[in-house]
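# Summary of the model geometry
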Number of protein chains: 2
Amino acid sequence: MKKIKIGAALLSMMFAGVNAQTLKSPDGKFEMNFQLKGGVPFYNLKYEGKTVLEDSKLGLRLFKDTSIKFASEIAKPEDAKNDLNNGFTKTDEKRDSKNETWQPVLGEKKNYINHYNEFAVTLNQTSTDRNIIIKFRLFNDGLGFRYEFPQQKNLNYFVIREEDSEFDFPSDMKAWWMVADYDSQEYQYQETKVSEIPTKWAKAADANASQTLIKNAVQSPLMLKVEGKTPLYINVAEAAVLDYPASHLEVDAVNFKLKTHLTADRQGAKGYMQTSATTPWRTVIVSPKAEVVMDSKMLFNLNEPTKYTDTSYIHPTKYMGVWWEMIIGKSQWAYGQPESNVHLDKTDFTKLTPNGNHGANNIKVKEYIDFAAENGFEALLIEGWNIGWEDWFGRSKEYVFDFQTPYPDFDIKMLNDYAHAKGIKLIMHHETSGSATNYERFADKAFQLMNKYGYDAVKTGYVGDVIPRGEHHYSQWMINHYYRIVEKANEYKVMVNSHESVRPTGESRTYPNYISAEAARGGEYDAFGGNNPDHHTILPFTRWMGGSMDYTPGIFQTKLDYYFPGDKRFVKTTLAKQLALYVTMYMPLQMAADLPENYKKHMDAFQFIKDVAADWDDTKILSAEPGEFVHTARKAKGTDNWFVGGITDEKAMDYTVDFSFLDKGKKYEATIYQDGKDADYIDNPQSYHIYKKTITSKTKLPVHLVRSGGYAISIKPVK
Amino acid sequence: MKKIKIGAALLSMMFAGVNAQTLKSPDGKFEMNFQLKGGVPFYNLKYEGKTVLEDSKLGLRLFKDTSIKFASEIAKPEDAKNDLNNGFTKTDEKRDSKNETWQPVLGEKKNYINHYNEFAVTLNQTSTDRNIIIKFRLFNDGLGFRYEFPQQKNLNYFVIREEDSEFDFPSDMKAWWMVADYDSQEYQYQETKVSEIPTKWAKAADANASQTLIKNAVQSPLMLKVEGKTPLYINVAEAAVLDYPASHLEVDAVNFKLKTHLTADRQGAKGYMQTSATTPWRTVIVSPKAEVVMDSKMLFNLNEPTKYTDTSYIHPTKYMGVWWEMIIGKSQWAYGQPESNVHLDKTDFTKLTPNGNHGANNIKVKEYIDFAAENGFEALLIEGWNIGWEDWFGRSKEYVFDFQTPYPDFDIKMLNDYAHAKGIKLIMHHETSGSATNYERFADKAFQLMNKYGYDAVKTGYVGDVIPRGEHHYSQWMINHYYRIVEKANEYKVMVNSHESVRPTGESRTYPNYISAEAARGGEYDAFGGNNPDHHTILPFTRWMGGSMDYTPGIFQTKLDYYFPGDKRFVKTTLAKQLALYVTMYMPLQMAADLPENYKKHMDAFQFIKDVAADWDDTKILSAEPGEFVHTARKAKGTDNWFVGGITDEKAMDYTVDFSFLDKGKKYEATIYQDGKDADYIDNPQSYHIYKKTITSKTKLPVHLVRSGGYAISIKPVK
């Protein structure tokens, strides 16, 4: 199975001497070499002299022209002459470097450091007289590169058949991966060797409301680990995916090579381009320390600074929601009978027979408002407030919601007035059912309604197959849609939290009101069949690399047989681990997802959720290993308060928290929330232990985490 | 080649005795028989005892469910079990009849008569317990039928793979047809036998900006003629194509059978349906007289009455346009250099190098306004007023126009003020370049701009491949788009004239602000290569059956070598025929398409265009034969003025106008505009002769029409 590439390697070395261009990272530890081999562009990457990537191919394949017809997706040999992956000569090169510090509007740290050396090579394809630029940026934590297409005589409009960017690793590695799909990111993570991916691939895919699987490909970001005496952690991802499809990674398990696979539309097209244009950045983050990879801000650094002139409306928010009770099936989004055939323009919803179990009703919403207000929350999400939920999903129904008309038992004015009087803002919910054209049609009216009633945040949703039909959740048209909505939201000064949309890749730098997305299995999957205990330890190395996730932690009543005797579903964590997630998972629009009745039974533990911050001046990844554990400390924005969270996978763990990140010489009061001695995520998840302790920067605190357990610590300076 | 169907015919007769249901037209001349043969629905049609249609199949084939995935368009044998075309038993039938007179807001007559007998049969598919209704309406001029899908337990959401409606004729016929296409209706008409269509099909298709041909299929409406001693004229079409794709007719040339072929989207899907729903009506208009077929209002009668509460803004309009000069290439839509790569959100159009030949500039537009006002026109269309025309077409560019931003040399406020002061309204132009999603995004702002500046009519355009990519000009999504825009226009009290959209099929009854569409080769094709001399005699039997066409007649300078020495292009009619078109072609938003400079040279002939009405109290088709000639008389709305127009194809013609349609005993002054004796559409098109004559209802006026010639008569009562 071991690949034999000696010939290629020798050839590469020979060429390297002749025409390779070298770029080094600011700290000198990384080295990237670019070269043309027979007119084909290649790059490689070394870390401290060790090969991370062997010579890896670059380029793009194109369609003949912009007129894509039926069966265009089937490539013919003569199409090759349109490609931008061969026949190049180097005509120019430019070098640059930058070392800047910038402040995210909301972030894990007050300052993000953007420090890189840049190399941009201009390539001319002689036969067609077309020029492209390949731009490389080498940071102290890895490499980013992209293609740039200047406006020019012979390159103005083109359609991409595939991007050829490759990542050619020298050896087998451990990989944390999920199956690639044009429409879903909601799969279980797998932990296997790269070489094992093809054999494990088919069983790693289960059903989703909308799915278009890509055989033997895996999702990006992909987390890798070169094992052995000197391990190396590697993250392969992308950044600034704008006006371009999201990418996946095809796995060549024999050669340990990853190939870029862009999301196609139904015509097989992977990007309709007009020069001047650029692709997203392909990124490779590398470190001997997993913590450094997790802490990397490279994806954000590779996005443009925001052009928003007013970001004052963007603020961290902790919220509750009329939501979990629908997720578990205790109440319904719909007002009428489920599975009813309704027409928004014909059905009189006031005359529908109510199902009697509608979640978003005036009485219940007021109870949630009361509880959220009493406990210091800022906001309350309400799903199922608007007409159309009876047949919202899986019908290929375009006019499925109008985003404006409340159900008869939801008094939008009264409830907003009631909430505002108690200091609570309601969070709007725009489920689109994937019908993006319909959402765009109503967007202005929908945001005007929000402004009218004082909503300043919206949760959007894209469950089910996309309309325009033939587009996918991650194809270029939909990517453009998501940012069109984000920009529209900014016009109306609204923060966005988007579900079933594409994973973020650092775009919140440019669009700071795009607070978060879901884009992976969130807490709801605990009700749909269960996230694995290691899930939460992998997400920060993958889904979180490009932006915060609306995971919706805080489930105290983890066993669903509490509601439905005999129900086997349960959340595969302890209660203490749920608390820890508020620190290990960065989310400035953070939910306490459980029902008030469950929090009322554990007000002592709930205190941590009340106290924990959602926006930070500093973050320290204390210790982390993908698939095993994460221990994180964060300093709350504008305060001297710190919060620490630690989680483990299905194995119990003993860990010693080292508080050396605290100010020296200062005294702090720590409140520690940890698994009870008899806690167990299956048998006894609600066993926890809370105690206080005075600590300093010299304190070392041993904690025991039971299997799928955790701990959370709230730290305040003693005055 | 003659088909042998004796067995089937016998079988049909046997069945007919057993379970056929018969429906007769109000005048008793038509008979429709419906029956189930082995669970499969069939109908036939007789006129005065003669078989028009033999037993013809009915039904629909469906996809398995609403989730259409890649390769779904390839039908598998097991898919048959989803179909709604077999296994039926009759469970109910209803009969009804109607005889009503209704007034179109704008029309060819003051009153349209809607008189029919109806038969609706409910069929239950036993194996699936699904019900459909097939509804037949038999008028005195033919048959309409459609499928209805009541909301029911087992039929709520479905996707159509194909509609099976067939038209099975007993013998060969003459046919006036054009090739079928999902994206274009702009083909030359062919006149052949039905049996010859397949052999002539391939050569009948030429290039179009967007085309997706359907092999061996022809466009609807299709005009047919059973030749012989007792000829029968037959028109096969459809009506009320709403929330459903437009249909084409596949030709079985051996069996003289036409099969319905719906426009597919890129997934092969032909209608995403939610019950309760109906299909469009399939129509068969039949008469021994061609004039009766041309005069039929069946397609309008099969549409629903309007729900508009205010139609006062809808008015007949004669307009000129800054248009023909761009069509012929004398000036340009674009302001910048042609073929420039522009980005609406980046390019500074005030800094573009002007091409120096931009049509819609302040100086020229004012000259047009002056001329239009002096000659009693109501409106002026201006194309190329807004940014984006530099690379508007064929780029698969979504953000191609913003419908709001004028070019630097077009002062929208000044020009509208200037026009209004002279009694002229400007007509807005919304070219979309097929990018319908983009147009919908800007629609509100675009119509608000129109309201702001006092526009009350818009010409829309859809040149090029459609976005959403994978949709077609005539697929369901686009049909919905067109009517969405029409309804939006009604909100803003704007009349719509749409180009490159689907042909109308009577919808102006329901949407009276949808004044007209192009949807066939209009006058512009004279500049693109030439319409044939018989083109204008076929259009009223085909394109016009369902609604008026923006043909843009009135070209006086028919030879383009006048502008460009050596240019071979010419309009293949005489000048007098151009005048006649104002009567033979019904169009309430009617253009005088030529340049002012050309009208100035022929002010005597231009007088007819100035005088002719655009909306009518009555219409008499005096004599007509498809492909040969049309002679029409119309009475101007609210007056006693009549206008007569006659045209011929490439053969000269002598015709005697019989004025018996005039009020008896009244005297009228007629002004006759006819071909000069030496006129010839090739050699001497501008030779015409104008004279006046006093006439009565008893007058018989002989006129000579040269080849591709014509005459126009304006008639006013003598007071």
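Residues numbered from 1 in each chain as written. Chains lettered and ligands numbered in written order. Predicted model: local features only at pLDDT ≥ 70, side-chain atom pairs only at ≥ 80, totals over all residues. Heavy atoms only, no water.

Looking at an unreviewed UniProt entry, one finds chain A named Glycoside hydrolase family 97 protein and attributed to Chryseobacterium caseinilyticum. Under the UniProt heading Subunit (unreviewed entry), the entry covering chain A gives this text: "Monomer." Per UniProt, chain A carries the Cofactor (unreviewed entry) text "Ca(2+)". (UniProt positions renumbered as here; feature names shortened; annotations may be inferred.)

## Brief notes about the overall build of chain A
Tallying secondary structure elements over chain A gives 14 helices and 37 strands in all. Here the C-alpha coordinates of chain A stretch approximately 75 × 70 × 50 Å along the principal axes. In chain A, once contacts between residues fewer than 6 apart in sequence are set aside, the share between residues at least 24 apart is 72%. Taken as a whole, chain A presents about 24400 Å² of accessible surface, with 51% of it coming from carbon and sulfur. Of the side chains in chain A, 88 bear a positive and 94 a negative charge, and the two mean positions are spaced by 3 Å. (Helix = DSSP H or I, 4+ residues; strand = E, 2+ residues; numbered from the N terminus. Contact = heavy atoms within 4.5 Å. Areas by Shrake-Rupley, 256 points an atom, 1.4 Å probe, with all protein chains shown as cover. Lys, Arg positive; Asp, Glu negative; His and termini not counted. Charge placed at Lys NZ, Arg CZ, Asp CG, Glu CD.)

## Quick look at the UniProt feature "domain: Glycosyl-hydrolase 97 catalytic" (unreviewed entry) in chain A
UniProt's feature table lists "domain: Glycosyl-hydrolase 97 catalytic" (unreviewed entry) at residues 323-520 of chain A, given in the numbering used throughout. Taken end to end, residues 323-520 of chain A is 31% helix and 13% strand, and its two terminal C-alpha atoms sit 18 Å from one another.

## Some words on the relation of the copies chain B and chain A
Between chain B and chain A, the superposition needs a rotation of 180 degrees and an axial shift of 0.0 Å, giving an RMSD of 0.0 Å. Those values place the two copies in the arrangement expected of a two-fold rotation axis. Most of the interface of chain B is mirrored in chain A, where 100% of its interface residues are also at the interface. (Least-squares fit on C-alpha atoms with pLDDT ≥ 70 in both.)

## Here we look at the packing of aromatic side chains
Residues and elements named next belong to chain B. Applying the stated criterion to the full structure yields 88 aromatic pairs over all chains. Pairing Y399 with F442 gives two aromatic rings, centres 5.8 Å apart and planes at 5 degrees, and the pair type is stacked. Residue Y399 is found in the loop between β24 (379-382) and α7 (412-421), and its partner F442 is found in helix α8 (residues 436-453); the two are separated by 43 residues along the sequence. Judged by relative accessible area, F442 falls into the buried class, the value being 15%. Considering the side-chain rings of W616 and F643, the 6.0 Å spacing of their centres and the 70 degrees angle between planes classify their relative orientation as edge-to-face. In this pair, W616 is assigned in strand β30 (residues 616-625) and F643 in strand β32 (residues 642-648), connecting sequence segments 27 residues apart. Accessibility expressed as a relative area gives 1% for W616, which makes it buried. Positioned above the aromatic ring of F63 is the side chain of R161, whose terminal nitrogen or guanidinium carbon lies 4.1 Å from the ring centre. One Lys or Arg, K572, reaches over the ring of F570 and ends 5.9 Å from the middle of that ring. (Phe/Tyr/Trp six-rings, centres within 6.5 Å; stacked < 30°, edge-to-face > 60°. Buried < 20%, exposed > 50% of the residue type's maximum accessible area, 1.4 Å probe, protein only. Lys NZ or Arg CZ within 6 Å of the ring centre and 35° of its normal.)

## Topic: the sheet that holds strand β2 (residues 30-37) of chain A
All names here are of chain A. With respect to topology, four strands assemble into an open sheet ordered β1-β2-β3-β4, the strand pairing being antiparallel. Only two strands of the sheet have a single neighbouring strand rather than two, namely β1 (21-24) and β4 (50-57). Ignoring which end each strand starts from, the neighbouring axes of this sheet average 15 degrees apart. In this sheet, strand β3 (residues 40-47) lies alongside β2 in antiparallel orientation, the contact comprising eight bridges. Across the sheet, residue L36 finds its bridge partner in β3, namely P41. (Pairing = 2+ DSSP bridges. Axes fitted to C-alpha atoms, helices over the stretch in contact; angles between N-to-C directions.)

## Regarding the interface of chain B and chain A
Facing the 40 residues of chain B at the interface are 40 residues of chain A. Inspection of the region where chain B meets chain A yields two salt bridges. Across the pair E440 of chain A and R441 of chain B runs a salt bridge, and its minimum N-O distance is 2.5 Å. Counting across the chain B and chain A interface gives 26 residue pairs in polar contact (both at pLDDT 80 or more). Secondary structure elements with two or more residues in the side of chain B that touches chain A: β20 (272-274), α8 and α9 (476-491) of chain B. A total of three residues in the side of chain B that touches chain A trace back to one element, the largest contributor, which is α8 of chain B. (Salt bridge = Lys/Arg side-chain N within 4 Å of Asp/Glu carboxyl O. Polar contact = N/O pair within 3.5 Å; in protein donor to acceptor, adjacent residues only side chain to side chain.)

## Describing the nonpolar core
Membership of the largest hydrophobic core comes to 204 residues, with the highest contact counts inside it found for F136, F169 and W324 of chain A. Filtering out sequence-adjacent residues up to four positions away, F136 of chain A remains in contact with L23, M32, F34, Y43, L58, N117, E118, F119, V121, L143, G144 and F145 of chain A. Of all hydrophobic cores here, the second largest spans 202 residues; its members include M273, V322, F377 and I485 of chain B. (Core = buried A, V, L, I, M, F, W, Y, C linked by side-chain atoms within 4.5 Å.)

## Concerning the environment of Y474 of chain B
Residues and elements named next belong to chain B. Residue position: Y474 is located in the loop between β26 (457-461) and α9. Distance in space between the C-alpha atoms of Y474 and R503 is 8.8 Å, their sequence separation being 29 residues. Y474 has contacts with D181, Y182, D183, S184, Q185, P245, A246, H248, T263, I479, S501 and V502, leaving out every residue within four places of it along the chain. Polar contacts involving the side chain of Y474 include one to the side chain of Q185, which spans 3.1 Å.

## A word on the side chain of D164 of chain A
Residue and element names in this part refer to chain A. Position of D164 relative to the elements: it lies in the loop between β10 (157-163) and β11 (166-168). Judged by relative accessible area, which is 7%, D164 ranks as buried. With residues up to four places along the chain from it excluded, the contact list for D164 reads K57, L58, G59, L60, R61 and N85.

## Digging into the pairing of strand β10 (residues 157-163) of chain B
Residues and elements named next belong to chain B. With seven of its seven residues buried, β10 lies for the most part within the structure. Pairing analysis gives three bridges linking β10 to β20, with the strands arranged antiparallel. Opposite V159, over in β20, you have Y272 as the bridge partner.

## Brief notes about the side chain of K270 of chain B
Residues and elements named next belong to chain B. Mapped onto the elements, K270 comes out in the loop between β19 (257-262) and β20. Taking the relative accessible area as the measure of exposure, K270 reaches 7% and is therefore buried. A polar side-chain atom of K270 sits 2.5 Å from a polar atom in the side chain of E162. Among the polar contacts listed, one links the side chain of K270 to the backbone oxygen of L262, at a separation of 3.1 Å.

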